Amino acid sequence: MLVCGLLLTGGLYAALAPAQADTSQDEAALIKEGRELFLVGCAFCHGQNGEGVLTQGGSQYGPPLTDVGAAAVDFQVATGRMPMAQPGAQAPRKERVYDDEETEALAAYVASLGTGPAIPDKELYSTEGMSDKELEELVVRGGQIFLANCTACHNFEGSGGAMPRGGYAPKIRGVDSKHIYEAMLTGPQSMDTFSDGNIPPEDKKAVIAYLNELDEAPSYSGFTLGGLGPVSEGIIAWVGGIGVLVGFAVWIAAHTTRSSKKKDEAAA
Amino acid sequence: MSVDLNPDLSKVASTNGTTPATTKGGKAAGAIATWADDRLGLGGAMKKNIRKVFPDHWSFMLGEIALWSFVVLLLTGVFLTLWFDPSMTEVQYDGAYDPLRGVHMSSAMASTLDISFDVRGGLLMRQMHHWAAMIFIASMMIHMLRVYLTGAFRKPRELNWVIGCLLLLLGTIEGFTGYSLPDDLLSGTGVRAADGFMKASPVIGTYMSFFLFGGEFPGDAIIPRFYAMHILLIPGILLALVAAHMLLLVYHKHTQWPGPGRTEGNVVGYPMLPVYAAKAGGFFFIVFGVITLLGGLFSLNPVWKFGPYDPSKVTAGSQPDWYMGWPDGLLRIIPAWETHIWGITLSWNVMLPILVMPPLMLMILMALPFLEAWITGDKREHHLLQRPRNAPTRTAIMVALMTFYGLSWAAGGNDIIAIKMHLSINQITYFMRGAVFIGPVIAFIITRRWCISLQRHDEGKLLHGYETGVLVRSPAGGYAEKHLPLPEGKAYTLTARDDDPTPETVEEIDASGATGRTARLRKLRAKLATVFFADNVQKPTTEELHESQHHAEHELHELESQIAAGPNRHGPAEH
Ligand code: HEM
């Protein structure tokens, strides 16, 4: 126990010392707060220094976080994915556990462990202040990028889709712009990472603009049935189409059967 | 109280009598009609048909759903042709839908978007056309189930059954060519898949693909070609087949359920005019109305969200329309079987589910009437329907086929099932691989036994009467439920069926001196027939029925005297 503690303090000191040297007092306090939160809520799976914990089988309780950056923490914690409740196929989105301030502290701490993308600034994903014309062009471009890069997993309306072995790409409609940006930047779980070389920041913004447009646009064609494509359409055709029509057929036939029954009885 | 097993039927079937059931129109209308009739001579030809009689049962209207949705397809389809441009020339979209403005796409796609956003009522028409297509094929299928399960396909209607199968096939192809026309991402993915399927056929695959696409996929010929097929070739054949189907129907007359006054030689129901025409006409408006509501309320194929087809793009939830779903399902679950010989790859994993199974299923469907007639040796004409329970093996065969279809179909939606039910897509695949084989067998056995126990139930009702719900306590203290004889009409209906024929025995065949191939075939047939009819319950004989009637009368008297003797109907009798 003592050895453990010593090693830990030593390691932490080594990790934090250079950072402390050239950051402000506030930053240091934030990282310290983050570390405390991390030790309580995350270290069990990710290791005391975010080095990751292996299970006996060699797979991971939690992967190393040394190079995931603040953006990954902000995404994972602010969407409620982390802390993961129990090991499973996928960490689902859920009610978030840490508030903004705590999330910031956790992010600062994990960022201090190594490299990785920072939390994106607002102007990277916000379309505020754009003219209608610019916005329209952005949306058009974003739609094409979205179809080329995201729909394979998230479906054409962002309604989500299945991934192998019980995994799934979640519905991405109504997700905070910042988190969409961070998702692209960090590639959570089985999602690809779309680095800035892959989809430049301007294009990431375009994708976000397109997704927001989908949210805001009216449904021109009626109820979209979850936006799942032909499967839900087939169900409607059978239930709302054939089912209703057969009901009508029964109704029409019953109307005369009844009167003919009376006639039969009268004749008998 | 006796059931007359041989009622005098000549007097009952008044509806096929000699006086035409025509309406008395107004004088002016009558004059015009006479004028036209004198010139066109339609009256003579129509008289017979106007007096055609249609029996009434909801299940006889399923085919009408197909007919009327076909009419809706024709009407809305013609509207779409006015605006649709079947060309793969690349244009820059400049219509009302902002998120695609400026994107390059084919004229076909651009004109589909125009129909959706710039043509008044266009989106409604597109959606109605597509919903009608889905309903058209679905209604053909349930209509077919009705025909099969009631034995309406038997002689002399086998040919109409075959025509029906062809209609189903053509409807499916028509639907496929139709939803490929807009050239959007989803339909393009479907065409790409079809290209792959064709190329999977050994030796001729690549040639076929080049032939259809006029070169390498996608080329710029496929949409115009599909268009010609979709609005000309297939609708033409469909129309001709529908006409043949209806003519045969009129010629054969409608089948009917057995019942008092209904025989193999008559049809009891309503005359074509006015009753039936009014009902059928009314049903047309209902079908039209339901399709319009669907078209107005529910989104179908929102091509603007898919965007134009681009081979480098793909979307999750890429499924075909529902009627193509079951081969897609088989394709999704089949293991990756391939054979490599002489430098050729035989992709069983594509050939079996797509190139072998659908044609095989169609062939099985078409062959069903002939197979059954051969096995049972039944060469008689049938105009009275059978209840599904009275042909347990037949019913079970169809339920087994339906189970196979349903499971394959569900497999086609494996990704949606996985996300909606939080299952692993891999587990679903493994489950389905077994289920498509085991499921139909279980369904067959259960259905067959179920039918037979329903038959036993009917027999019980005939011989022992129906359950009255009146409980009687005997002097000894035991309780028993009293049964009363069925009303005559019901009893007649239940007994109005033929006994199953007794199959030949092997000894009989041997004794007949048959040898070689003929003998072997006859023996096979005899064996199949034995299995086909095994355990079926035959209807009670006349003697059995008479005896049960005596018994019932006796019981009734007993019950009456018990009630008369007791203090009240329900309470215990004092001794
Ligand atoms: C049995 C008959 C038919 C079936 C099953 C059928 C099915 C379909 C389907 C599923 C579509 C795709 C619609 C969409 O979502 O965009 C379609 C499109 C189309 N159909 Fe048909 N159809 C039939 C008959 C006809 C007829 C008779 C015509 C014309 C005379 C026609 C003209 C068209 C046209 C022009 C389109 C493309 C327009 C568009 O997609 O917006 N169809 N058809």
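Bear in mind that the values here come from a model prediction, so they are computed numbers and not experimental data.

## Some words on the site of the ligand
Residue and element names in this part refer to chain B.
- Arg126, His129, His130, His230 and Asn301 are the nearest of the 27 residues found near the ligand.
- Between arginine 126 and the ligand, the recorded distance is 3.0 Å, taken from a side-chain N or O atom to an oxygen atom.
- Taking asparagine 301, its side chain carries an N or O atom lying 2.9 Å from an oxygen atom of the ligand.
- Looking at the shell around the ligand, the elements that each hand over two or more residues are α3 (62-81), α4 (107-117), α5 (122-149), α6 (158-180) and α9 (222-252).
- The leading source of residues in the shell around the ligand is α3, at seven residues.
- Residue composition of the shell around the ligand, grouped by class: 16 nonpolar, nine polar and two charged.

## A short note on the interface of chain A and chain B
- With 53 residues of chain A in contact, the opposing surface of chain B contributes 59 residues.
- Both faces considered, chain A and chain B share a buried interface measuring about 4800 Å² in area, 73% of it formed by carbon and sulfur atoms.
- Area buried by chain A at its contact with chain B is led by Ser221, Trp238 and Leu245 of chain A, which between them contribute 13% of it.
- Summed over the shared surface of chain A and chain B, the number is two salt bridges.
- Residue glutamate 136 of chain A is joined to arginine 101 of chain B by a salt bridge in which the shortest nitrogen-to-oxygen separation is 3.0 Å.
- Between the two partners, chain A and chain B, sit 12 residue pairs in polar contact (both at pLDDT 80 or more).
- Going through the elements one at a time, α7 (132-149), α8 (151-154), β3 (161-162), α10 (201-216) and α11 (230-267) of chain A are the ones with two or more residues in the side of chain A that touches chain B.
- Among the residues forming the side of chain A that touches chain B, the class breakdown is 31 nonpolar, 16 polar and six charged.

## What about the packing of helix α12 (residues 325-333) of chain B against helix α14 (residues 392-412) of chain B?
Residues and elements named next belong to chain B.
- The N-to-C vectors of α12 and α14 enclose an angle of 70 degrees; their axes lie 6 Å apart at closest approach. Considering their axes alone, α12 and α14 lie roughly perpendicular with respect to each other. Judged by the twist between their axes, the crossing of α12 over α14 is left-handed. Facing Gly325, Trp326, Asp328, Gly329, Leu330, Arg332 and Ile333 of α12, the residues of α14 in contact are Phe404, Tyr405, Ser408, Trp409, Ala411 and Gly412.

## Topic: the domain arrangement of chain A
Residue and element names in this part refer to chain A.
- Partitioning chain A into domains gives domain 1 (17-116) and domain 2 (120-228).
- Using C-alpha coordinates to define each centre, domain 1 is positioned 25 Å away from domain 2.
- With 13 residues of domain 1 at the interface, the matching set in domain 2 holds 14 residues.
- Both sides of the domain 1 and domain 2 interface together cover about 1100 Å² of buried area, and 52% of this is carbon and sulfur.

## Some words on the packing of α4 of chain B against α5 of chain B
Residues and elements named next belong to chain B.
- Their axes nearest at 5 Å, the elements α4 and α5 cross at an angle of 110 degrees. Put simply, α4 runs roughly perpendicular to α5. Residues Thr112, Ile115 and Ser116 of α4 lie in contact with α5, whose contacting residues are Gly122, Leu123 and Arg126.
- Counted by class, the contact of α4 with α5 contains two nonpolar, three polar and one charged residues.

## Brief notes about the packing of aromatic side chains
- Taken as a whole and assessed by the stated rule, the structure comprises 32 aromatic pairs over all chains.
- Centre to centre, the rings of phenylalanine 223 of chain A and phenylalanine 298 of chain B are 5.7 Å apart; their planes meet at 50 degrees, and the pair counts as tilted. With one member in each of two chains, phenylalanine 223 of chain A in the loop between α10 and α11 and phenylalanine 298 of chain B in the loop between α10 (272-297) and α11 (303-306) form a pair that bridges those chains.
- A residue is classified by how much of its surface remains accessible, and phenylalanine 223 of chain A, at 53% relative accessible area, is exposed.

## Observations concerning the pattern of salt bridges
- Considering all chains together, one arrives at 26 salt bridges over all chains under this definition.
- Notably, a salt bridge pairs arginine 141 of chain A with aspartate 203 of chain A, separated by 2.3 Å at the nearest N-O pair. Taken together, the residues span a long stretch of sequence, with arginine 141 of chain A in helix α7 and aspartate 203 of chain A in helix α10 at a distance of 62 residues.
- For aspartate 203 of chain A, a relative accessible area of 18% corresponds to the buried category.
- The salt bridge involving arginine 380 of chain B is made with aspartate 498 of chain B; its shortest N-O contact spans 3.3 Å. You can see arginine 380 of chain B sitting in the loop between α13 (348-376) and α14 and its partner aspartate 498 of chain B sitting in the loop between α17 (488-495) and α18 (506-511), a full 118 residues away along the chain.
- Linked through salt bridges whose partners overlap, the residues forming this network are Glu157, Arg173 and Asp215 of chain A together with Lys305 of chain B.

So, how was this worked out
Residues numbered from 1 in each chain as written. Chains lettered and ligands numbered in written order. Predicted model: local features only at pLDDT ≥ 70, side-chain atom pairs only at ≥ 80, totals over all residues. Heavy atoms only, no water. Near = heavy atom within 4 Å. Polar contact = N/O pair within 3.5 Å; in protein donor to acceptor, adjacent residues only side chain to side chain. Helix = DSSP H or I, 4+ residues; strand = E, 2+ residues; numbered from the N terminus. Nonpolar A, V, L, I, M, F, W, Y, C, P; charged D, E, K, R; others polar. Contact = heavy atoms within 4.5 Å. Buried area = accessible area lost by both parts, 1.4 Å probe. Salt bridge = Lys/Arg side-chain N within 4 Å of Asp/Glu carboxyl O. Axes fitted to C-alpha atoms, helices over the stretch in contact; angles between N-to-C directions. Parallel < 35°, antiparallel > 145°, perpendicular 65-115°, else oblique. Left-handed = near helix turned anticlockwise from the far one by under 90°. Domains from an automatic or database assignment. Phe/Tyr/Trp six-rings, centres within 6.5 Å; stacked < 30°, edge-to-face > 60°. Buried < 20%, exposed > 50% of the residue type's maximum accessible area, 1.4 Å probe, protein only.

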